[in-house]
Amino acid sequence: MTTVGTASAPPGEIDTGRIEVGEARDGSGVGLPVAVVNGAREGDTLYVQAASDGDELNGVGVVQRVVPQLDPAELAGTVVVVGIVNYHGFLVAQHRNPIDDTKLNRAFPGNPNGSSSERIAAATYDVASEADLILDLHQGSTSRMIDEVRVRCGRRHRLHRECLELAKTFGCGYVLDQKGPDGQLARVAPDDGIPTIDPELGGAVGWDESSIRTGVQGVFNVLRGYDFLDGDVTRTEQTRATGFDQYGSPSGGLVRFRADLGDEVGVGDTLFEVTDLFGGLKSRVAAESQGIFWRSRRLPQVASGEYVCSVATNVDTY
Ligand SMILES: [Zn+2]
């Protein structure tokens, strides 16, 4: 029997329930939705979570499609899925947890007696730290971003190779291999010996069909690649970047992009132009280093100094 929160499944069965994480402002209990898929055969445990950032819904879309497709009779091992981590943020479609204005993915491994975010991080990490592999589903918030997978443990970490291999198995095509900030699940869990990746499934307001499909495929690639399910997965070459250059606007006005997500850009290539309200050119911004056009703002209007786009740099393949 595998029990997580109120969900209990014997081998060959699935159950859903809640992981209790304290109480809301109205005094009612807060429970994160959890699914336990207990395979008929012995095997490893995969932990998947979504919406650690409350406005990042593509991961929720992935979970909502993956879970009904999992047949415990065909599964070796266990899949545990927490569908919404940033519960309070999700309810109001907000990135941070509004209870303590904290980004939840800076609060791991958490503290059961700490702030709201620390308590949620502790409750989920309790479950995640029992797993053999972790997928923490994210996206580039509501800005536009390519589908990529982040490896956050850092290149000198003892699990770096395993995390890269997991990213390659997930197989979005792009990998950001850059040590993350303190408190990220994808940084903390490798310290406890668990290969962990942070798939970043595009960037959208609401759901993006193409990124959700990429995420569903990625989860099944991992399930097949690590023998939870029968079948083979072809690990294809991934384009890897190890950093970003961020570009802001030199002037206020309306942005017109001259590069698309995924484009290779060279030094001096125009990334975007800013015009005034009547179409007059105010400024033109060119790439300062070679790389891949990776992420951009969604809204066209910018103030001087405001974020416009990112170019991933130091690109190679593996
Ligand atoms: Zn995120």
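Here goes a summary of the coordinates provided. (Residues numbered from 1 in each chain as written. Predicted model: local features only at pLDDT ≥ 70, side-chain atom pairs only at ≥ 80, totals over all residues. Heavy atoms only, no water.)

Let's shift gears to the overall build of the chain. When helices and strands are counted, the chain shows six helices and 21 strands. Compactness check: the chain gives a C-alpha radius of gyration of 20 Å against a globular reference of 20 Å for 318 residues, within 12% of the reference. When its C-alpha atoms are laid out on the principal axes, the chain stretches across 65 × 50 × 35 Å. Expressed as a percentage of its 318 residues, the buried residues of the chain come to 54%. The long-range share in the chain, meaning contacts at least 24 apart out of those at least 6 apart in sequence, stands at 71%. For the chain, the exposed area adds up to about 13600 Å²; of that, 44% sits on carbon and sulfur atoms. Counting 29 positive and 45 negative side-chain charges, the chain places the centres of these two groups 7 Å from one another. (Helix = DSSP H or I, 4+ residues; strand = E, 2+ residues; numbered from the N terminus. Rg over C-alpha atoms; globule rule 2.2 N^0.38 Å. Buried < 20%, exposed > 50% of the residue type's maximum accessible area, 1.4 Å probe, protein only. Contact = heavy atoms within 4.5 Å. Areas by Shrake-Rupley, 256 points an atom, 1.4 Å probe, with all protein chains shown as cover. Lys, Arg positive; Asp, Glu negative; His and termini not counted. Charge placed at Lys NZ, Arg CZ, Asp CG, Glu CD.)

Next up on the list: the coordination of the zinc ion. Looking at the metal site, the zinc ion is ligated by Asp53 (OD), Glu56 (OE), Glu56 (OE) and His138 (ND1), spaced 1.9 to 2.6 Å from it. Geometry at the zinc ion is irregular, judged from the four donor atoms that bind it and their angles of 54 to 146 degrees at the metal. The motif formed by the donor residues of the zinc ion, counted along the single chain, is D-x2-E-x81-H. In this pair, Glu56 is assigned in the loop between β5 (41–50) and α1 (58–69) and His138 in the loop between β7 (133–137) and β8 (144–145), connecting sequence segments 82 residues apart. Of the two residues, Glu56 and His138, both sit in the buried class. (Donors = N, O, S within 2.8 Å, 3.2 Å for Na, K, Ca; no water. Tetrahedral: all angles 85-135°; square planar, octahedral: opposite > 155°, others 65-115°.)

Applying the stated criterion to the full structure yields 16 salt bridges. One salt bridge in this structure joins Arg256 and Glu273, with 3.1 Å as the shortest N-O distance. Residue Arg256 is found in strand β14 (residues 253–257), and its partner Glu273 is found in strand β16 (residues 270–275); the two are separated by 17 residues along the sequence. For Arg284, the salt bridge goes to Glu273, with nearest N and O atoms at 3.1 Å. You can see Arg284 sitting in strand β17 (residues 281–286) and its partner Glu273 sitting in strand β16, a full eleven residues away along the chain. By relative accessible area, Glu273 is classed as buried at 6%. (Salt bridge = Lys/Arg side-chain N within 4 Å of Asp/Glu carboxyl O.)

So, about the packing of α1 against helix α6 (residues 209–225). α6 packs onto α1 with a crossing angle of 50 degrees between their chain directions and a minimal axis gap of 9 Å. Relative to α6, α1 is oriented oblique. Every pair of crossing elements has a handedness; the one defined by α1 and α6 is right-handed. Of the residues in α6, those touching α1 at Asn58, Gly61, Val62, Arg65, Val66 and Gln69 are Glu209, Ser211, Ile212, Arg213, Gly215, Val216, Val219 and Phe220. Tallied by class, residues from the contact of α1 with α6 come to six nonpolar, five polar and three charged. (Axes fitted to C-alpha atoms, helices over the stretch in contact; angles between N-to-C directions. Parallel < 35°, antiparallel > 145°, perpendicular 65-115°, else oblique. Left-handed = near helix turned anticlockwise from the far one by under 90°. Nonpolar A, V, L, I, M, F, W, Y, C, P; charged D, E, K, R; others polar.)

In this model, Phe108 is joined to Pro109 through a cis peptide bond whose omega is 5 degrees. For Ala93, which is not glycine, the phi torsion reads 50 degrees and is therefore positive. Of note, Ala93 is situated in the loop between α2 (87–91) and α3 (116–128). The exposure class assigned to Ala93 is exposed, which follows from its relative accessible area of 55%. Positive phi, close to 50 degrees, is recorded for Asp101, a residue that is not glycine. Along the chain, the position of Asp101 falls in the loop between α2 and α3. The exposure class of Asp101 is partly exposed, given its relative accessible area of 48%.

All right, on to the pairing of β14 then. Inspection of the sheet shows β14 paired to strand β19 (residues 301–302) by two bridges, in the antiparallel sense. Following the sheet pairing, Gly253 is matched in β19 by Val302. (Pairing = 2+ DSSP bridges.)

Strand order in the open sheet formed by ten strands is β3-β4-β6-β5-β7-β11-β9-β10-β12-β21, with mixed pairing between adjacent strands. Each of the sheet's edge strands pairs with one partner strand only, and the pair in question is β3 (13–23) and β21 (316–317). Relative to strand β12 (residues 239–241), strand β10 (residues 174–177) runs parallel, the two sharing three bridges. The partner of Leu176 across the bridge, within β12, is Ala241.

This brings us to the sheet that holds β17. A sheet is described by the order of its strands in space; here four strands give the open sequence β17-β16-β14-β19, paired in antiparallel fashion. Only two strands of the sheet have a single neighbouring strand rather than two, namely β17 and β19.

A word on the nonpolar core. Counting residues in each nonpolar core, the largest one holds 41 residues, and the members touching the most others are Leu46, Leu135, Leu137, Phe170 and Leu223. At the level of elements, β4 (29–38), β5, α1, β6 (76–82), β7, β9 (148–151), α4 (160–170) and α6 are the ones that each hand at least two residues to this core. With six residues, the single largest contributor to this core is α6. Those residues in contact with Leu46 that lie beyond four places of it in its chain are Thr78, Val79, Val80, Ala131, Leu133, Leu135, Val222, Leu223 and Phe228. (Core = buried A, V, L, I, M, F, W, Y, C linked by side-chain atoms within 4.5 Å.)

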